[in-house]
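Structure assessment
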Amino acid sequence: MDETPIVPAAKRGDKSICMPVETEAQYQSLMENADACRSHLMQLWRRHPELLPAHFEQGFRFHSFVYSRKLGLRMRRIELHATQEVYQLRPDFVMPYMVGRTEQVEKGLYLCRFGVPFDGLAYVLGRNSMYWYRAYRSLGRCSIVGSTVKAPERLPEHLLADEKHTWWQGQRVYLPTTVAQGCILGASLTTAASTEALRCGYLEFVQQAQALQPDYKPQTVNTDGWEATQQAWCIFIRLRGLVRFW
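Heads up: these notes are all about the structure in this document. (Residues numbered from 1 in each chain as written. Predicted model: local features only at pLDDT ≥ 70, side-chain atom pairs only at ≥ 80, totals over all residues. Heavy atoms only, no water.)

Focus on a nonpolar patch on the surface
Together, Tyr 110, Leu 111, Phe 114, Tyr 123, Val 124 and Leu 125 make up a nonpolar patch on the protein surface, roughly 690 Å² of accessible area in all. Looking at the nonpolar patch, the elements that each hand over two or more residues are α3 (102–112) and α4 (118–125). Take the nonpolar patch: its biggest share by element is three residues, from α4. Inspection of the secondary structure assignment puts Tyr 110 in helix α3. Taking the relative accessible area as the measure of exposure, Tyr 110 reaches 43% and is therefore partly exposed. (Patch = residues over 30% accessible without salt bridge, like charges linked within 9 Å, V, L, I, M, F, W, Y side chains within 5 Å. Areas by Shrake-Rupley, 256 points an atom, 1.4 Å probe, with all protein chains shown as cover. Salt bridge = Lys/Arg side-chain N within 4 Å of Asp/Glu carboxyl O. Helix = DSSP H or I, 4+ residues; strand = E, 2+ residues; numbered from the N terminus. Buried < 20%, exposed > 50% of the residue type's maximum accessible area, 1.4 Å probe, protein only.)

In C-alpha cells:
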C-alpha cells in the first residue's frame, strides 16, 4: 500500500468520477494498489473518455483518500496536472452523493415509478420515508444533457421543442421538452404556458448545454405553432446567438 494520506470527507461541490468495476473485491484491490488503479483509469480513458474530466489525458497524481463511514468505503482522490482540480473516485456500485449502494436502493427507486409513497417504501424496504425521498430527489441533480451527450462535439445542431400538457396534484401543468436525434435532452415543469413560463422551462436545457460547451449554438429549433413557445425560443436566439428558428 502506498502512503497517500487519509483526509476528511470531501466538501460540498467537490467533483467525482464514477469508476466502473466488475466486483467490489476488484475495487478494494484498486484502492490498495496505486499502480493498478492508475492502469485501470488509463484503460477507462482509452475506452470511454467521456466518463473522465477534460484535461485528464495531460496526467494526474493521487491526491488523498476519503473514507465514508456510512458505507464503510475508502475512496481515492486524484488531482489533474493541467488544472489542479481534485476529483473523487466513486465506484459504480455506490449512488451519487454516497446515498447508498445501488443494490440497496434500486428496488425502491424502481417502485417510485408506480407511485408507491415513501412511507410505503420505508415500511417494506426499511430506512425511513425521508431517506427514500432524498434518494429519489437525488436523481434530479444530474444534468440531462451532460449525462446523455457527454462529449461537447456531439451536441446536436438541430433541436425540436414542444410542451406536453398534463396534470399534477389536480392542477394543469406543462412539460417543456427539448429533444434531438431520438434523445430527450431537456424536460422541466411549469404551471403556465406563457412566454415567460416556457422561457424559464426551456432555460434548463440551454444552461446545461452551454455548461457542456459554453459557445454552443444549435443551427435550428423546430416547434409547433404555439406562439408562446416560439417567443420563448426567440428570446434565446436574441440573447444567446442561436442561428435560425423554424
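Moving on from the model shown.
Quick word on the side chain of Thr 178
Its location among the elements puts Thr 178 in strand β7 (residues 171–180). Its relative accessible area of 1% is what places Thr 178 among the buried residues. With sequence-adjacent residues up to four places away left out, Thr 178 is seen in contact with Leu 159, Leu 160, Cys 183, Ile 184, Leu 185, Gly 186, Tyr 202, Phe 205 and Trp 233. (Contact = heavy atoms within 4.5 Å.)

A few points about the pairing of strand β8 (residues 183–187)
Where β7 and β8 come together, four bridges link them in antiparallel fashion. Across the sheet, the residue bridging to Val 179 is Ile 184, located in β8. Between β7 and β8, which follow one another and run antiparallel, lie two residues, and Gln 181 among them has a positive phi close to 50 degrees. (Pairing = 2+ DSSP bridges.)

Brief notes about the pairing of strand β4 (residues 73–80)
With respect to burial, β4 is a largely interior element, eight of its eight residues being buried. Where strand β3 (residues 60–68) and β4 come together, eight bridges link them in antiparallel fashion. Note that in β4 the partner of Phe 60 across the bridge is Leu 80. The antiparallel pairing of β3 with β4 creates a hairpin that spans four residues between the two strands, and Gly 72 there sits at a positive phi of about 65 degrees. Relative to strand β5 (residues 86–91), β4 is paired through three bridges, and the arrangement is antiparallel. Across the sheet, the residue bridging to Arg 77 is Gln 88, located in β5. In this antiparallel pair of consecutive strands, β4 and β5, the connection spans five residues, and Gln 84 shows a positive phi of 60 degrees.

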